[in-house]
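Chain by chain, the residues:
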Amino acid sequence: MYIRSLWVDHQGETEQLLQSLEEYLSGLTHLPGLVYIVSAGEANVLLERPAIEFLAQLEEAGHNIQFVGSACTSFHAALLSYSKRQEEDALIINLELGKERQQECLDALGIGVKAGQDGLDVITGVAVCWLSKHYHAESVCQISSCDILSQAPTLSGAHELVQSLKKIMTTDFSHSCRIVSFDIQSRWAKGLLKGFSREEKSQWLPSSELDGQHYLSIKPIVEINKYCLESEVENLWIITLGGGGRAGCLRVHRTPRMEGQLLSRLVHTETLSLEEAYANFTAAQNIEGAHGQDYLPHVRGAMIYPQKKYRGRHNQIFHWVLGSGSWRSLLENQGAKHG
């Protein structure tokens, strides 16, 4: 699997970021028909009405929009989904929009910026990755491996996850290969890091997420751009932690090879109703507005990825599907009520 182009922007709020995104897309000669939309906050991002407007316009331009995710490993979810399809090209668009929307998801899980929490502070942004199944002269790098590992809900779950990470990161390891740290402002992350020796971690490249900054699903894209494209590291293992006990693993090569494809993986896909997900997040917001209650437990309840039944299931991704109508109908029938 090859990356033909990569772009990211963290400047501004929702409308400025969407404008920047639209300008970038308009500068491309053409766009793939298949477009993946991902967001760590699941359908909560759609409470940002301009986001639905952007998706409605994209659909009306003839694109096949797939809304998939798996917490902060949602970029990985799109890669795994695309690996099972027949299309030659696809676009992944990360929409980490709405500071309040994204932060409340982390706060609802107890890892955000509320008193006594871990201190993860959301950095909103947008990103675009153009993927191709085959090598092109304009390919900028290659992804040869992608997995979402999941910690089992057992006493030995953390130890087993560390061992799985060590095993996957030493597969076909070479001296030119560097590992990007998954260190973030998280007690869970710090616990996992204790499973690696000081010697093992001594050569790791720093995580992009320092001092509590949290890029959500955009972290691996920031690090591909920083280390692979700008610093010209030849081989990378990028490790990204995600809520619900997930660890995304990407093997990236700066110099694409014409031979070799992404290794096929068993992928578990849970298909869900997008309208229902949107309604659940909307209801959580209304609880605060109408009843003055703490709405964060309801935000947590609206999220799919934290559910314990998915713990320990590797390469679990979620796919939200419109039951009827279009993105425009979602905007008109539901989004307009919250404009």
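Residues numbered from 1 in each chain as written. Predicted model: local features only at pLDDT ≥ 70, side-chain atom pairs only at ≥ 80, totals over all residues. Heavy atoms only, no water.

1. Some words on the packing of aromatic side chains
Summed over the entire model, instances satisfying the criterion amount to nine aromatic pairs. When the centroid spacing of 5.9 Å and the interplanar angle of 50° are considered together, the rings of F182 and W204 count as tilted. Placement of F182 in the loop between β8 (177-180) and α6 (187-193) and of W204 in the loop between α7 (198-201) and β9 (213-214) is noted, with a sequence separation of 22 residues between them. This pair shows no difference in class: F182 is buried, exactly as W204 is. Between F196 and W204, the ring centres sit 5.1 Å apart and the planes meet at 70°, which makes this aromatic pair edge-to-face. Through successive ring pairs, a cluster of aromatic residues spans F67, Y310, F318, W320 and W327. Residue placement shows R4 over the ring face of W130; its charged tip is 4.8 Å from the ring centre. Sitting over the face of the ring of Y82, K133 holds its NZ or CZ atom 4.4 Å from the ring centroid. (Phe/Tyr/Trp six-rings, centres within 6.5 Å; stacked < 30°, edge-to-face > 60°. Helix = DSSP H or I, 4+ residues; strand = E, 2+ residues; numbered from the N terminus. Buried < 20%, exposed > 50% of the residue type's maximum accessible area, 1.4 Å probe, protein only. Lys NZ or Arg CZ within 6 Å of the ring centre and 35° of its normal.)

2. Topic: the sheet that holds strand β3 (residues 64-69)
With respect to topology, 11 strands assemble into an open sheet ordered β8-β10-β11-β7-β1-β6-β4-β2-β3-β13-β12, the strand pairing being mixed. The open sheet has two free edges, formed respectively by β8 and β12 (268-273), since each of these has just one partner strand. Sheet twist, expressed as the average angle between the axes of neighbouring strands with direction ignored, equals 25°. Relative to strand β11 (residues 246-253), strand β7 (residues 141-150) runs antiparallel, the two sharing eight bridges. If you follow I143 over to β11, its bridge partner there is V252. Strand contacts of helix α2 (residues 49-60): β2 (34-38), β3 and β4 (89-96), with the helix running at about 165° to β4, the strand carrying the most contacts. (Pairing = 2+ DSSP bridges. Axes fitted to C-alpha atoms, helices over the stretch in contact; angles between N-to-C directions. Contact = heavy atoms within 4.5 Å.)

3. Describing the pattern of salt bridges
Under the defined criterion, the tally for this structure stands at 15 salt bridges. The partner of R187 in a salt bridge is D118, and the shortest N-O contact between them spans 2.4 Å. Of this pair, R187 sits in helix α6 while D118 sits in the loop between α4 (99-108) and β5 (121-122), and the two are 69 residues apart along the sequence. A relative accessible area of 57% means that R187 is categorised as exposed. Here D118 falls in the buried class, since its relative accessible area comes to 14%. Across the pair D183 and K190 runs a salt bridge whose closest N-O atoms are separated by 2.7 Å. Several salt bridges share partner residues, and in doing so they unite E48, E100, R101 and E104 into one network. (Salt bridge = Lys/Arg side-chain N within 4 Å of Asp/Glu carboxyl O.)

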